[in-house]
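Observations on the model geometry
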Number of protein chains: 2
Amino acid sequence: MKLKEFQAILAKEKIDLAILMFPDPNLVYFTQQQFSQAILAISSADVKLFITKLDRLPKITGIKTLNFDQTWSKELSKNKIRRVGLNYTSLTLADFEKLKKIFPAAEFIDVSKILQDLRSIKTSKEVSLITTACKITAKAFEAVAKEFSKGTLLTEQDVALFLEKEIRTMNAELAFPTIVAMGPNAAIPHHVTGNSKLTRGFLVMDFGAKYSNYCADMTRVVFLGKPSTAEINKYDLLLKCQEETIKQIAENKSFIELDNYARKRLGKYADQFTHSLGHGIGIEVHEAPAFRDKKIKISKNQVFTIEPGIYVKDQFGLRIEDTLIFNGKIRVLTTAFKELIVIEKFR
Amino acid sequence: MKLKEFQAILAKEKIDLAILMFPDPNLVYFTQQQFSQAILAISSADVKLFITKLDRLPKITGIKTLNFDQTWSKELSKNKIRRVGLNYTSLTLADFEKLKKIFPAAEFIDVSKILQDLRSIKTSKEVSLITTACKITAKAFEAVAKEFSKGTLLTEQDVALFLEKEIRTMNAELAFPTIVAMGPNAAIPHHVTGNSKLTRGFLVMDFGAKYSNYCADMTRVVFLGKPSTAEINKYDLLLKCQEETIKQIAENKSFIELDNYARKRLGKYADQFTHSLGHGIGIEVHEAPAFRDKKIKISKNQVFTIEPGIYVKDQFGLRIEDTLIFNGKIRVLTTAFKELIVIEKFR
């Protein structure tokens, strides 16, 4: 994606060479392939990809593929390189020390912000892949919602396995380890799915498919057994908060404004919403835009999540999350049913 | 693991504070827990762990847990810190820039080698966890070997899903994405499992369980259909190479020596063995000892893989891999059957 755009920026910024080293996610971004080990060297004139024999030789127009061996450093230092672009948010200190020896006279420039900005605005191809990942995610939820009443799902782990099998059989991978949290377990937002038995209460499922390297992220809640009015009210408060917050999305508004709005809507539970409202998503499940950066505003073709939550220690946890795109209008991509699904008979 | 040993080394090396930042795998090593975000600050006198509200509050003896927020930098810079230890192989340049501002007068010392050396010698607790991961991996193979003749497995992806479901139902995760490679696909050692149909030929399966944060890694081959004598001979050559190489393991021998031995045993296929003979394994699927480092020798309580392979482009690929421990004697931990399993009727 956007390799030519990045090369144009390098020319403008007078950066002779940008070097991206495995496991930098931008390797996947620019090549749309996964590697076991790789270096991508981009100048305004050409692009070289060094890979090992562990991986299939990729066919990528505009990228020259070379063997990853001890000669990559020679190959790259052949030309007079004065300004070298590096991704500071991914490059390790150990690799930086190597590069300093290869380019002893070079000036190093952090290109991480450039890469984040490029990636935070999605191309139509990217939107299409994320849309497919989100559809697969929504379908997996519809399948599990029907499965509960069959009595085959006994533990958090059973639910996670079911969701994962659905996702995998639709030709996708997992975007991240599935979170399934029963009752009080969900008070920890990133609860580690375990062998807790399914019992009466809220069951939170936070999961997502990864399709052709692009991620989806969705959280849904079902109620196992018969909920009290108080329980229904808590869920409805959160659902209204999430839906109304989505309606507030508008060009040039800051994500912080959106976050503040959501907190207000939660009323007495505002202090129990202990994480950020959302995050950008694409090649990585968490990427730019960063909601907590005051300077970052909503722009067209950003894809991000909206996920308010309420967490009361040792009692319960709730979160409702969608992945959506803003393209002037708002389009929720994770289209699974959001009203509370009550599964009275689940065992 | 070995937190006190690491603290003793810090005292000896006069390192005032070692700072390990997420996603450094040593966070998992020292705490035996996974976090969404964390910083571990270790001095010879005490250990502080900064975590967010996303994760469960851990109960770890000897570690003081604090909130991960904007105050961690204040908390850490309270005392006079002159020498700061950092893991250069994991810390990003961006985080290093932050630390330089927090400790403007400090000297930074790379502790990556110290950490690698500590981790490459396993404790009995670690050996026990890896042994369980390997048992689960072997059991999953036994199950899939029985499944082939049922005709339910039609593609590489079906085989991967079956193995993964077996592993997950035994309370483990995947140590890495499962490689299932049919026929010529296996000529790429890290083939990406896809929808290729199972047909007559060698089927290579490279997979492993992760149990309580510890990894197993195993590769097995089955033959679908009836093999020719030439095919049986190729497999037997590789199997003998792998088994004889394992017998060569001895204290203070270098891994390079072992690697050279395996290549010689492959005879005319030596040039078709395009990767390293093996790697250390533990918290990470690839960790110290590194086989390619000439100075590194076999020591007691190292856990590593032995995995020779033969890769002939567009024709076939073969690899046989075990995870084993050397504790004076050699103990293969991935105990699954290694003679060629022929599945004449598989569809």
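Bear in mind that the values here come from a model prediction, so they are computed numbers and not experimental data. (Residues numbered from 1 in each chain as written. Chains lettered and ligands numbered in written order. Predicted model: local features only at pLDDT ≥ 70, side-chain atom pairs only at ≥ 80, totals over all residues.)

Let's shift gears to the overall build of chain A. The helix and strand inventory of chain A stands at 9 helices and 18 strands. For a compact globule of 347 residues, the expected C-alpha radius of gyration is about 20 Å, and chain A comes in at 23 Å, within 12% of that figure. Oriented by its inertia axes, the alpha-carbon framework of chain A measures out at about 70 × 40 × 35 Å. Taking all 347 residues of chain A together, the buried fraction comes to 41%. Of the contacts formed within chain A by residues at least 6 apart in sequence, a portion of 66% connects residues at least 24 apart. (Helix = DSSP H or I, 4+ residues; strand = E, 2+ residues; numbered from the N terminus. Rg over C-alpha atoms; globule rule 2.2 N^0.38 Å. Buried ≥ 20, exposed ≤ 12 C-beta atoms within 10 Å, placed from the backbone. Contact = placed C-beta atoms within 7 Å.)

Turning to the relation of the copies chain B and chain A, a few remarks are in order. Between the two copies, chain B and chain A, the superposition gives an RMSD of 0.0 Å; the rotation angle is 180° and the shift along the axis is 0.0 Å. Such a combination of turn and shift is consistent with a two-fold rotation axis. Taking C-alpha positions as reference, the residue of chain B nearest the rotation axis is B:Thr92, located at 2.2 Å. (Least-squares fit on C-alpha atoms with pLDDT ≥ 70 in both.)

Here the focus is the pairing of strand 2 (residues 38–42) of chain A. Residue and element names in this part refer to chain A. Strand 2 sits mainly inside the fold: 5 of its 5 residues count as buried. Summarising the sheet, strand 1 (residues 17–21) and strand 2 pair through 4 bridges and their orientation is antiparallel. Paired with Ala18 across the two strands is Ile42, which belongs to strand 2. Direction of pairing for strand 2 relative to strand 3 (residues 47–51): antiparallel, over a ladder of 5 bridges. The residue bridging Ala41 from the neighbouring strand is Lys48, located in strand 3. The loop that links strand 2 with its antiparallel partner strand 3 comprises 4 residues. (Pairing = 2+ DSSP bridges.)

Moving on to the interface of chain B and chain A. At the interface, 26 residues of chain B touch 26 residues of chain A. The element best represented in the side of chain B that touches chain A is helix 4 (residues 93–102) of chain B, accounting for 4 residues. Classifying every residue of the side of chain B that touches chain A gives 11 nonpolar, 9 polar and 6 charged. (Nonpolar A, V, L, I, M, F, W, Y, C, P; charged D, E, K, R; others polar.)

Looking now at the sheet that holds strand 9 (residues 201–207) of chain A. Residue and element names in this part refer to chain A. Strands sit in the order 8-9-12-18 across an open sheet of 4 strands; the sheet is mixed. Every interior strand has two partners, whereas the edge strands, strand 8 (179–182) and strand 18 (341–343), have only one. On average, each strand axis in the sheet is tilted by 25° relative to the strand beside it, whichever way the strands run. Here 7 bridges tie strand 9 to strand 12 (residues 218–224), and the two strands are oriented antiparallel to one another. Considered in strand 12, the bridge of Leu203 is made with Val222. (Axes fitted to C-alpha atoms, helices over the stretch in contact; angles between N-to-C directions.)

With that settled, the discussion passes to the nonpolar core. Residue and element names in this part refer to chain B. In terms of nonpolar packing, the biggest core is built from 92 residues, with Ile19, Ala38, Leu40 and Ala133 touching the most fellow members. Two domains share this core, each providing at least three of its residues, namely domain 1 (3–120) and domain 2 (124–343). When neighbours within four sequence positions are excluded, Ile19 is seen to be in contact with Ile39, Ala41, Leu76, Val84, Leu86 and Leu99. (Core = buried A, V, L, I, M, F, W, Y, C linked by C-beta atoms within 7 Å. Domains from an automatic or database assignment.)

With that settled, the discussion passes to the domain arrangement of chain A. Residues and elements named next belong to chain A. Considered domain by domain, chain A is made up of domain 1 (3–120) and domain 2 (124–343). Taken residue by residue, the interface counts 7 residues in domain 1 and 9 residues in domain 2. Of all elements in the fold, only helix 2 (25–31) and helix 5 (112–120) reach the threshold of two or more residues within the side of domain 1 that touches domain 2. Here the residues of the side of domain 1 that touches domain 2 sort into 3 nonpolar, 3 polar and 1 charged.

So, on to the sheet that holds strand 5 (residues 83–86) of chain A. Hydrogen bonding along the main chain pairs the strands of a sheet, whether they run parallel or antiparallel. All names here are of chain A. The strand order 4-3-2-1-5-6 describes an open sheet built from 6 strands, whose pairing is mixed. In this open sheet, the two strands that pair with only one neighbour each are strand 4 (64–67) and strand 6 (107–110). Strand-to-strand twist in this sheet, taken as the mean axis angle between neighbours without regard to direction, amounts to 25°. In this fold helix 1 (residues 3–12) packs onto strand 1, strand 2, strand 3 and strand 5, with an angle of close to 55° to the strand it touches most, strand 2.

Residues and elements named next belong to chain A. As for its position among the elements, Asp16 is in the loop between helix 1 and strand 1. Spatially, the C-alpha atom of Asp16 lies 49 Å from that of Lys264, the residues being 248 residues apart in sequence. What Asp16 contacts, discounting residues up to four positions off in sequence, is Ser43, Ile81, Arg82, Arg83 and Val84.

This part takes up the packing of helix 6 (residues 124–147) of chain B against helix 7 (residues 156–169) of chain B. Residue and element names in this part refer to chain B. Packing of helix 6 against helix 7 brings their axes to within 9 Å, and their N-to-C directions diverge by 135°. Considered as vectors, helix 6 and helix 7 are oriented oblique to each other. Crossing of helix 6 over helix 7 shows right-handed handedness. Each of Ile136, Lys139, Ala140, Ala143, Val144 and Glu147 in helix 6 lies in contact with helix 7, whose residues at this interface are Val159, Phe162, Leu163, Glu166 and Ile167. (Parallel < 35°, antiparallel > 145°, perpendicular 65-115°, else oblique. Left-handed = near helix turned anticlockwise from the far one by under 90°.)

Here we take up unusual backbone geometry. Residue and element names in this part refer to chain A. Cis geometry is adopted by the peptide bond preceding Pro23, which originates at Phe22 and carries an omega value of 5°. Residue placement: Pro23 occurs in the loop between strand 1 and helix 2. Cis geometry marks the peptide bond from Ala288 to Pro289; its omega dihedral reads 0°. Tracing the backbone shows Pro289 in the loop between helix 9 (255–265) and strand 13 (302–306). In this structure, Lys2 takes a positive phi of about 50° despite not being glycine. Secondary-structure assignment places Lys2 in the segment before helix 1.

Okay, the environment of B:Ser149 next. Residues and elements named next belong to chain B. Position of Ser149 relative to the elements: it lies in the loop between helix 6 and helix 7. For the pair Ser149 and Phe22, spaced 127 residues apart in sequence, the C-alpha separation works out to 45 Å. Those residues within four positions of Ser149 in sequence are excluded, and the remaining contacts are Ile343, Lys345 and Phe346.

What follows deals with the packing of helix 8 (residues 229–247) of chain B against helix 9 (residues 255–265) of chain B. Residues and elements named next belong to chain B. Contact geometry for helix 8 and helix 9: axes closest at 9 Å, N-to-C directions at 150°. Classified by the angle between their axes, helix 8 and helix 9 sit roughly antiparallel to one another. In this structure, helix 8 crosses over helix 9, and the sense of that crossing is right-handed. When helix 8 is examined against helix 9, the residues Cys241, Glu244 and Thr245 are found in contact with a partner set consisting of Leu258, Tyr261, Ala262 and Arg265. Tallied by class, the residues present in the contact of helix 8 with helix 9 amount to 4 nonpolar, 1 polar and 2 charged.

Two faces, one strand: in a regular strand the side chains alternate between the faces of the sheet. All names here are of chain A. With burial as the criterion, each face of strand 15 (residues 316–319) is covered, one bearing Phe316 and Leu318 and the other bearing Gly317 and Arg319. Bridging between strand 14 (residues 309–312) and strand 15 involves 4 bridges; their strand directions are antiparallel. Note on strand 15: the bridge partner recorded for Val312 is Phe316. Taken together, strand 14 and the strand that follows it, strand 15, pair antiparallel across an intervening segment of 3 residues, in which Asp314 is found at a positive phi of about 65°.

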